[in-house]
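Understanding the architecture of this molecule
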Amino acid sequence: MSHPSAAELAPLAQQIRTHFLRQTFGGIWFWQFAVVRPHDQGHCVVDCQVVPNEADPSRAHLVLSLQHASGQGHAATLAIWDPQGLSIDAQGLRLTGAARLRFGGMEAWPEAQGGYRIRTPQGEGHFPGGEGRALWLQI
């Protein structure tokens, strides 16, 4: 997996801001795991920024600021390392690949032998599958 620079991620961040800013969605999926179950809560993307890696300034990751759809509370962050394959359509925003995803107390990453690993406040585990769908913000 390539490690994009801030300059390489800037067009991707702009694409998200242009086509998905203020879009309400109901589910957040890391690979096949529902981090936020569909329509349990509504969120919307209020910003998308490229954040340089402090340890290696030649690398960067995306940070999406998510606000509860009610407009109440503080924005939460969804961090995406090495995002690949962005698509935005009537079903939401999708990424086909990522090196790591983090939202609140949940984090997930692909494993070398296939499948993905996820860590939640309830524990950590390995799950098979999930190729081609690292992140889905489901409308």
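Report follows, based on the coordinates. (Residues numbered from 1 in each chain as written. Predicted model: local features only at pLDDT ≥ 70, side-chain atom pairs only at ≥ 80, totals over all residues. Heavy atoms only, no water.)

A look at the overall build of the chain
Per the secondary structure count, the chain includes one helix and 13 strands. What you see in the chain, going N to C, is helices and strands ordered as α-β-β-β-β-β-β-β-β-β-β-β-β-β. For the chain, the spread of C-alpha atoms along the three principal axes comes to 40 × 35 × 25 Å. Here the chain holds 139 residues, and the buried ones make up 41% of them. Partitioning the contacts of the chain with sequence separation of at least 6, the portion at a separation of at least 24 is 50%. Of the roughly 7,200 Å² of accessible surface on the chain, a fraction of 50% belongs to carbon and sulfur atoms. Across the chain, the mean location of the 10 positive side-chain charges is 4 Å away from that of the 11 negative side-chain charges. (Helix = DSSP H or I, 4+ residues; strand = E, 2+ residues; numbered from the N terminus. Buried < 20%, exposed > 50% of the residue type's maximum accessible area, 1.4 Å probe, protein only. Contact = heavy atoms within 4.5 Å. Areas by Shrake-Rupley, 256 points an atom, 1.4 Å probe, with all protein chains shown as cover. Lys, Arg positive; Asp, Glu negative; His and termini not counted. Charge placed at Lys NZ, Arg CZ, Asp CG, Glu CD.)

Topic: the side chain of Q138
Mapped onto the fold, Q138 is located in strand β13 (residues 135–138). A relative accessible area of 16% means that Q138 is categorised as buried. A polar atom in the side chain of Q138 sits 2.8 Å from the side chain of W29. Among all residues touching Q138, those that are not within four sequence positions of it are F25, G26, G27, W29, P38 and Q91. (Polar contact = N/O pair within 3.5 Å; in protein donor to acceptor, adjacent residues only side chain to side chain.)

Observations concerning the sheet that holds strand β7 (residues 84–89)
Ordered in space as β3-β2-β13-β8-β7, the five strands form an open sheet in which the pairing is antiparallel. In the strand order of this sheet, the two ends are held by β3 (33–36) and β7, each with one partner. Between one strand axis and the next, the sheet turns by 20° as a mean value, whatever way the strands run. One ladder, built from five bridges, connects β7 with strand β8 (residues 92–97); its direction is antiparallel. Bridge pairing in β8 links D89 to G92. Of the strands in this sheet, β7, β8 and β13 touch helix α1 (residues 6–20), which is tilted by about 10° from β7. (Pairing = 2+ DSSP bridges. Axes fitted to C-alpha atoms, helices over the stretch in contact; angles between N-to-C directions.)

Concerning the nonpolar core
Where a protein is soluble and globular, its nonpolar side chains tend to be buried together. Residues I28, F30, L135 and L137 are the most contacted members of the largest nonpolar core, which totals 32 residues. No other element matches α1, which puts five residues into this core. Excluding residues within four positions of it along the chain, L135 makes contact with I28, W29, F30, L78, I80, L93, R94, L95 and L101. (Core = buried A, V, L, I, M, F, W, Y, C linked by side-chain atoms within 4.5 Å.)

Quick notes on the packing of aromatic side chains
This model, assessed by the stated rule, comprises five aromatic pairs. Centroid distance W29 to W136: 6.1 Å. Interplanar angle 25°. Geometry classified as stacked. Of this pair, W29 sits in strand β2 (residues 27–30) while W136 is found in strand β13, placing the two residues 107 residues apart along the sequence. Look at W31 and Y116: their rings are 5.7 Å apart centre to centre, the planes differ by 15°, and that puts the pair in the stacked class. (Phe/Tyr/Trp six-rings, centres within 6.5 Å; stacked < 30°, edge-to-face > 60°.)

Quick notes on the pairing of β8
Of the pairings in the sheet, the one linking β8 to β13 comprises four bridges and is antiparallel in character. Residue L93 lies in a different strand from β13, and its bridge partner there is L137.

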